[in-house]
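Observations on the three-dimensional arrangement
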Amino acid sequence: MRAIPISPAIYWVGAIDWAVRDFHGYITPNGTSYNNYLIVDKQVTLVDTVKHDFCEYTIDNIRSLVDPATIENVIVNHIENDHASSLDRIMELAPKALIHITDRGKKALDRFFDTSRWRFRIVKTGDTLNTGTKTITFIETPMLHWPDSMMSYVKEDKLLISQDAFGQHLASSARFDDEFCDQYSVTALDHAVRDYYANILMPFGALVKTKLAEFEKLGLQIALIAPDHGIIWRKNPDKILQMYRDMANDKADLRVVIVYDTMWHSTEHMTIPIMQGIQAAGVDVEVLKLRSTPMSVAIKRVWESRAMLVGTPTLNNIMFPSVAEFLTHLRGLRPKNRLTGAFGSYGWGGGAVKEAYEIFKKMGLETVEPGVEVLYRPSPEDDKKCYEFGKQFAEKTIVLQKKFDGTLSGTCRNPEGAK
Ligand code: FEO
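Residues numbered from 1 in each chain as written. Predicted model: local features only at pLDDT ≥ 70, side-chain atom pairs only at ≥ 80, totals over all residues. Heavy atoms only, no water.

Time to look at the pairing of strand S17 (residues 253–260). Most of S17 sits out of view: 8 of its 8 residues are buried. Residue alternation in S17 divides its side chains into two sets, Asp 253, Arg 255, Val 257 and Val 259 and Leu 254, Val 256, Ile 258 and Tyr 260, and both sets are buried. With 6 bridges connecting them, S17 and strand S19 (residues 305–311) associate as parallel partners. Residue Ile 258 lies in a different strand from S19, and its bridge partner there is Leu 309. The pairing of S17 with strand S18 (residues 284–289) spans 6 bridges and is parallel. (Buried < 20%, exposed > 50% of the residue type's maximum accessible area, 1.4 Å probe, protein only. Helix = DSSP H or I, 4+ residues; strand = E, 2+ residues; numbered from the N terminus. Pairing = 2+ DSSP bridges.)

The N-to-C vectors of helix H6 (residues 186–201) and helix H10 (residues 295–304) enclose an angle of 95°; their axes lie 9 Å apart at closest approach. By the angle between their axes, H6 is roughly perpendicular relative to H10. Facing H6, whose interface residues are His 191, Arg 194, Asp 195, Tyr 197, Ala 198 and Asn 199, H10 presents Ser 296, Ile 299, Lys 300, Trp 303 and Glu 304. Classifying every residue of the contact of H6 with H10 by side-chain character gives 4 nonpolar, 3 polar and 4 charged. (Axes fitted to C-alpha atoms, helices over the stretch in contact; angles between N-to-C directions. Parallel < 35°, antiparallel > 145°, perpendicular 65-115°, else oblique. Contact = heavy atoms within 4.5 Å. Nonpolar A, V, L, I, M, F, W, Y, C, P; charged D, E, K, R; others polar.)

A separate point is the sheet that holds strand S13 (residues 135–140). Read across the open sheet, the 5 strands follow the order S12-S13-S14-S15-S16; overall the sheet is mixed. Since the sheet does not close on itself, it has two edges, and those belong to strand S12 (128–130) and strand S16 (224–226), each with one partner. For this sheet, the mean inter-axis angle between neighbouring strands, taken without regard to orientation, is 20°. As judged from the 3 bridges shared by strand S15 (residues 159–161) and S16, these two strands associate in the parallel manner. In the sheet register, Ile 161 faces S16, and the bridge partner there is Ala 226. Strand contacts of helix H7 (residues 205–217): S13, strand S14 (150–154) and S15, with the helix running at about 145° to S13, the strand carrying the most contacts.

A few words on unusual backbone geometry. For the peptide bond that leads from Leu 144 to His 145, omega is 5°, which places it in the cis range. Tracing the chain through its elements places His 145 in the loop between S13 and S14. Cis geometry marks the peptide bond from Glu 369 to Pro 370; its omega dihedral reads -5°. Tracing the chain through its elements places Pro 370 in the loop between strand S23 (366–367) and strand S24 (372–375). Even without being glycine, Asp 250 reaches a positive phi, approximately 65°. Mapped onto the secondary structure, Asp 250 falls in the loop between helix H8 (237–248) and S17. Residue Asp 250 is classed as buried on the basis of its relative accessible area of 13%. Notably, Asn 337 is not glycine yet its phi reads approximately 55°, a positive angle.

By themselves, these observations are geometric and do not establish any function.
Dropping the structure here:
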């Protein structure tokens, strides 16, 4: 790669990771990028670094513009390894640089590096750095998505360097939304945004709303949003801001996702009449077998949809392991305003469906009860029960969907049903 100008005297100096497919357990089929930015002003200022494996790429990019020894400021917006693990190498090259970081960022950084020889300035929301012709304002964004997180706003360029927020795990030769859309499709980019939000930022929807309101209160004019992953938003930054508002407001598509696993196909069989019942109510439905679907894909599809049904056989009196793993993961992401229900087969004692409902309740999610349980193998009578359960569940999904104005994708299978 090479340094790429994003605004006068401001350059992307990051790296593209075309090969990564597992990002601490989150599947990244489209790779990612580690974006960091160099402000070549009277005081040369670097905003963030990159994952350590890509350190030499960013150093080469910086060298194509300036001698790294001339860097006077390093801003650390976020200390997670994919952005800060090259910091020691950068500081070797620019040992006198002043590091601007939040208090919690500094405390965390001390756990990763020997910081005793580095100079720090602890910053909080509203503090500024003047680099000569640019004024950078820091905005703390704690728990978006780590305690240390902050963003940096360059007033003269109306540029928000937003760390993980507004990012996407997407490797691309395009650096900007308008270039990406020319090469690929707007939909692909939207999906990448939603995928990132669902798997990383879902628990923090309320904080996202608060922070977006704070931007408005501060009167930030935003012409350019440069995240630490993926595409930079310059064509229409309002679009990504609105997408975040919609996602934080728990918009979802009118769809039921059936997430299941199966031992000897009985639970799998139950998905068919349940799916038919949902379809009969005019609601879109998607069926995902967990052992055939990457976890992050299942999480995203559940989060994009208004309702989820979980199918689990009982194994040793509890849920099937893959279903338990999925629900553990989902519970940590704290989805809200989604309808849930469960079904499954059992051989002697049962217990899995009950356990699934207990988890839904711990998550604070609305449920449709009772679920459907089948002994050993579904009979034609069981099929009818499954069909009716699916239909009833879909009708309640429509009721819940009415409480929310609009969908994520702008479409749904039965818009009339949702009116
Ligand atoms: Fe991209 Fe939270 O690191």
